[in-house]
Structure formats: C-alpha cells, structure tokens
There are 2 protein chains.
Amino acid sequence: MNYSVSEENYIKAIFHLQGDSGNVTTNDLAAALHTRPASVTDMMKKLKAKKLISYQPYYGFKLSAEGRKTALGIVRRHRLWEYFLAEKLNFDWEDVHEVAEHLEHVSSKKLIDKLDEYLGFPKFDPHGDPIPDSAGHMESDARNMLSETEAHQMVTVAYVSNQSKEMLALLKHRKIRIGTKLEIIKKFSFDQSLEIKPKNQQAFSISETLAKNIFVTHEQ
Amino acid sequence: MNYSVSEENYIKAIFHLQGDSGNVTTNDLAAALHTRPASVTDMMKKLKAKKLISYQPYYGFKLSAEGRKTALGIVRRHRLWEYFLAEKLNFDWEDVHEVAEHLEHVSSKKLIDKLDEYLGFPKFDPHGDPIPDSAGHMESDARNMLSETEAHQMVTVAYVSNQSKEMLALLKHRKIRIGTKLEIIKKFSFDQSLEIKPKNQQAFSISETLAKNIFVTHEQ
DNA sequence: ATAAAATTTTAGGCAAATCTAAAAAATATT
DNA sequence: AATATTTTTTAGATTTGCCTAAAATTTTAT
C-alpha cells in the first residue's frame with residue numbers, strides 16, 4: 001500500500017511509457033529513469049513480488065490492475081501540485097514539473113483530497129493533462145493538434161508542446177496563452193498555414209510549424 | 001548544501017533539543033528520533049565531516065553556525081506548511097504536524113519563498129511557534145505558561161502543550177482554543193488554581209495542572 | 001579510590017537501491 | 001542455419017542508514 005520514492009518513480013515511468021499498446025522494455029525504462037538496465041531488472045523483480053506489474057524475464061512488463069491504480073494515484077498527486085503551483089503560487093508553467101516531482105511523493109490521502117477540494121476539483125493541470133479524481137477516473141485527453149483541427153471550429157488552447165524562448169516570445173506577441181479561445185477561419189492547403197481569430201482580437205495567420213505545436217480542446 | 005531526509009531529521013532534532021544550553025547527548029537524540037544510540041554515533045560522524053555540528057566523542061554535540069542555518073531552513077519549511085495546512089486546507093491543528101514532517105523535506109527555495117508570500121508572510125504557525133523568514137530570522141517566542149502569568153493581564157492563547165483527547169475535551173467544553181483572548185482575574189496561592197474570564201464569556205476557575213499546559217502571548 | 005552502573009563508541013551485519021562487468025537469451029544478418 | 005548483434009539478466013560491489021552485541025569510556029556509588 002505504501003511505496004518508496006524509487007518504487008513510485010518506476011511505477012509512474014511504466015505508466016507513462018506503456019501508452020495503450022502495453023509492454024514496456026528494460027532499456028526504455030532505464031533510459032526514461034536515467035538509470036542502468038541492470039537496476040531496472042532488479043526493481044522489476046521487486047515490483048513483480050509486490051504484484052504491481054506482470055513480468056516475464058526477457059519479455060518486458062506491464063502494470064497490473066493494482067499497479068495502474070497506484071500509478072493513477074501518483075499522477076493525481078503530481079498534477080494537483082502542478083495546478084497548485086501554477087494557479088496559487090504563480091509559478092511559470094514550465095517550472096511546475098520539477099517541484100511537483102518531489103511533492104508527488106508525499107502520499108497522505110487526506111492531504112491530497114483536501115488539496116483537490118481547495119483547488120476546486122480541477123480536471124486538467126497547467127500543461128493540459130487530465131487530473132485523475134480520488135477514484136482514479138479522469139477526462140479523456142481531449143487535446144488535438146491545432147494543425148489537424150477542422151476550419152470553422154471554436155477551440156481552446158490547452159497545451160504548447162515546444163516551450164522554447166522563441167516559441168513563447170511568438171505566443172506572447174500574438175497574445176495566445178493556455179485558455180485562449182479562438183476560431184479557425186480558414187486553412188490554406190498550399191503551405192498548411194491557417195488563419196485564426198482569437199476571441200476579442202483581429203484574425204491573423206500562423207504557420208504550420210506553429211500550428212503543430214499548439215494543442216486545443218473542443219468542449220470545455 | 002543539499003541534505004538527505006535522514007540528515008535533515010537529525011539536524012532538526014538537534015536544533016530542538018539543544019535549547020539555549022548547548023550540548024545534546026547521544027541517548028537523548030536517539031530517543032527523540034526513535035533510533036539506537038549506535039545509529040546516532042554513525043550519523044554524528046557524517047554531520048561532523050560535513051561541518052554541520054561540532055562533535056567530541058563521548059561529550060555530545062552542538063550545531064555549527066552552518067548547521068543552525070540549515071536547521072532554521074527546515075523549521076521554516078515545516079512551519080510554513082503547517083500554516084498552509086491549517087489555514088488554507090482546513091486541517092485540524094493536531095493533524096498538521098505529521099503531514100508537515102514529510103512536506104518539509106521538499107527543499108526548493110523558490111517553492112518555499114513563494115509559499116511564504118502566498119500565505120502573507122506569517123510570523124507564527126498554528127501551534128504558536130515562530131516561523132523563520134527567508135534569512136533565518138524569527139520573532140522571539142513570546143509565549144508564557146498561563147500558570148506563571150500575572151493577574152489582571154489580558155492574554156491570547158497561543159499553544160497547548162498537552163494535546164491528549166482528555167485535555168482537548170476539557171478545552172472544548174470551556175470553549176478555549178488558539179487565539180482565544182482571556183483575562184486573568186485572580187490567582188489562588190492555596191492550590192495555584194486561577195480564575196479566568198475569556199472574552200464574551202463568564203469567568204470560571206481552572207486547575208494549576210491545566211494552567212501549566214496553556215501558553216499565552218501578551219502582545220499580538 | 002575502586003567498583004558498579006550508565007553512556008557512548010566500535011565492530012560486524014543487513015536491506016535498499018544503485019553500479020560495472022560478464023553471462024545468457026533473443027533478435028537480426030548473412 | 002549459423003553467426004553476429006543487441007538486449008536482458010546475473011553476479012558481485014558500493015553507499016546509505018539502520019541494527020545488535022561487545023568493548024571502551026565516563027559517571028555514580030560505595
């Protein structure tokens with residue numbers, strides 16, 4: 001029921017790596033955790049003994065139902081703290097992740113449920129990732145690449161994948177931030193550029209390059 | 001500059017034990033940390049090597065200037081989180097300590113300074129203990145035992161040292177809580193009982209036993 | 001001042017989490 | 001199908017933080 005920081009980091013990494021396909025490999029996990037394959041094998045034996053994963057030597061591993069539940073709990077803590085840091089403490093959204101990496105390991109259920117309530121039961125963190133509720137349920141990740149969204153849609157900016165200074169400078173100039181609502185006026189097939197009109201702003205056009213780095217949701 | 005959870009717990013415990021007198025003994029520290037004297041000796045060697053304490057075998061130890069600075073940083077984190085839990089998340093004041101024990105080890109300076117600002121730079125935690133500021137300065141602990149306070153004074157309840165169910169039940173009955181303002185009407189030398197009158201309440205008398213467990217401040 | 005008691009330290013071990021180097025197994029190549 | 005390459009596991013160390021039992025030292029009592 002209670003796991004070490006190290007065990008939690010492995011569980012979380014497996015959760016993120018396994019996507020919907022299923023299996024995670026020793027090498028991939030070692031790379032994700034900046035550790036060595038031998039260390040991964042060691043830990044996999046331990047997690048298997050604790051029934052958090054299924055594991056066949058040489059054939060990778062995947063989370064058990066219990067492991068998935070545990071992972072969702074860790075993800076919940078991480079994303080609630082990210083929300084808190086950005087929303088209440090005014091952290092820049094590119095700084096929240098690192099601090100949340102540490103806060104997520106404080107595993108008092110009471111703390112997390114009260115924090116959730118205090119924050120107003122948010123459904124998404126500042127990066128636009130869904131926050132599991134106390135039962136482990138979360139909204140499906142409804143984000144799409146702006147470049148792949150149909151014209152004449154009204155959408156809300158949820159996430160920006162490239163967070164370089166240059167990109168952020170461009171977004172700032174265009175007054176686009178997380179939560180900005182905008183309409184897709186037209187898509188030009190010649191260069192895949194598109195014309196958009198943020199609410200309360202003039203329409204302008206943006207490049208495919210930019211549109212591929214902006215993720216939006218349809219419903220709120 | 002960055003210490004393990006275990007090192008931080010030792011440093012904090014030495015800080016609390018050394019009071020103003022100075023030296024802390026191996027046995028006392030072992031008792032405070034629920035560990036064995038041999039483990040204390042091991043850790044003392046490590047902390048000495050890191051120049052956080054001065055340590056002469058068989059003659060106890062005390063914090064160095066650097067150790068004291070480190071301890072104040074940990075105490076600052078602990079008490080700010082206690083304040084946050086009580087004030088923002090509505091924790092009961094007897095529940096904040098345990099969770100803060102874990103949160104205090106997340107050592108991002110930026111996090112703590114922003115938290116401090118968010119909370120409005122509080123000077124005292126929910127137990128009435130002073131919170132060091134980011135430079136390590138704090139108000140002197142202005143609390144006195146109610147039993148040792150002069151008659152005819154107007155004071156504010158700041159802290160209750162005994163937090164047993166029985167004690168809390170008595171306080172609840174008397175409607176005394178942290179922040180309650182009360183006047184000391186009279187002291188009876190026969191049994192050291194005293195008559196007090198909480199603001200907006202009738203006066204009543206309390207035993208010396210109770211008065212010794214209630215701490216009050218004079219100025220606010 | 002010596003013996004008894006209490007305190008502290010040393011010595012040697014253990015578990016968790018990591019590592020390197022070598023062996024084993026699976027996959028890819030010719 | 002046999003060999004080479006890649007991946008994974010095993011074997012054996014290392015570090016941190018803890019333990020027990022025994023030895024060393026200090027303190028207390030006679």
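Right, let's walk through the structure included here. Given the structure is predicted, the values throughout are model-derived calculations rather than measurements. (Residues numbered from 1 in each chain as written. Chains lettered and ligands numbered in written order. Predicted model: local features only at pLDDT ≥ 70, side-chain atom pairs only at ≥ 80, totals over all residues. Heavy atoms only, no water.)

### A look at the pattern of salt bridges
All chains considered together, the criterion is met by 22 salt bridges over all chains. Here Glu208 of chain A and Lys212 of chain A are joined by a salt bridge, their closest N and O atoms 3.5 Å apart. According to the relative accessible area criterion, Lys212 of chain A is partly exposed, its value standing at 40%. Linking Asp113 of chain B and Arg76 of chain B is a salt bridge whose minimum nitrogen-to-oxygen distance equals 2.8 Å. Separated by 37 residues along the polypeptide, Asp113 of chain B in helix α6 (residues 109-119) and Arg76 of chain B in helix α4 (residues 65-87) bring together distant segments of the chain. (Salt bridge = Lys/Arg side-chain N within 4 Å of Asp/Glu carboxyl O. Buried < 20%, exposed > 50% of the residue type's maximum accessible area, 1.4 Å probe, protein only. Helix = DSSP H or I, 4+ residues; strand = E, 2+ residues; numbered from the N terminus.)

### With respect to the interface of chain B and chain A
It is common to give the size of an interface as the accessible area lost on bringing the parts into contact. Taken together, the contact between chain B and chain A spans 18 residues of the former and 18 residues of the latter. In total, about 1500 Å² of surface goes out of reach between chain B and chain A, with carbon and sulfur atoms giving 75% of it. The largest share of the area that chain B buries against chain A comes from Leu89, Lys114 and Tyr118 of chain B, three residues that together contribute 31% of it. At the boundary of chain B with chain A, the tally comes to two salt bridges. Here Lys110 of chain B makes a salt bridge to Asp95 of chain A, at a shortest N to O gap of 2.6 Å. Here chain B is connected to chain A by seven residue pairs in polar contact (both at pLDDT 80 or more). (Contact = heavy atoms within 4.5 Å. Buried area = accessible area lost by both parts, 1.4 Å probe. Polar contact = N/O pair within 3.5 Å; in protein donor to acceptor, adjacent residues only side chain to side chain.)

### Brief notes about the nonpolar core
In terms of nonpolar packing, the biggest core is built from 36 residues, with Trp81 and Leu111 of chain A together with Trp81 and Leu111 of chain B touching the most fellow members. Elements that contribute at least two residues to this core include exactly α4 (65-87), α5 (96-103) and α6 (109-119) of chain A together with α4, α5 (96-103) and α6 of chain B. (Core = buried A, V, L, I, M, F, W, Y, C linked by side-chain atoms within 4.5 Å.)

### Focus: the pairing of strand β4 (residues 154-160) of chain B
Both faces of the sheet carry side chains from a regular strand, because those side chains alternate between them. All names here are of chain B. For β4, the tally of buried residues reaches five of seven residues, placing the bulk of the element in the interior. As judged from the three bridges shared by β4 and strand β5 (residues 181-187), these two strands associate in the antiparallel manner. Residue pairing in the sheet places Met154 in a bridge with Glu183 of β5. Where β4 and strand β8 (residues 214-217) come together, four bridges link them in antiparallel fashion. By the bridge assignment for β8, Tyr159 is matched with Phe215. (Pairing = 2+ DSSP bridges.)

### Looking at the relation of the copies chain B and chain A
Overlay of chain B on chain A (RMSD 0.9 Å): rotation 180 degrees, translation along the axis 0.1 Å. What we have between these two chains is a two-fold relation. Scanning chain B for the C-alpha nearest the rotation axis identifies Leu103 of chain B, at a separation of 3.5 Å. Interface overlap between copies is the fraction of interface residues in one copy that are interface residues in the other; for chain B against chain A it reaches 100%, indicating a shared surface. (Least-squares fit on C-alpha atoms with pLDDT ≥ 70 in both.)

### Digging into the sheet that holds strand β7 (residues 204-206) of chain B
Residue and element names in this part refer to chain B. The strand order β3-β8-β4-β5-β6-β7 describes an open sheet built from six strands, whose pairing is antiparallel. Each edge of the open sheet carries a strand with a single partner, namely β3 (144-145) and β7. Where β5 lies against strand β6 (residues 194-198), five bridges are found, and the strand directions are antiparallel. Paired with Leu182 across the strands is Pro198, a residue of β6.

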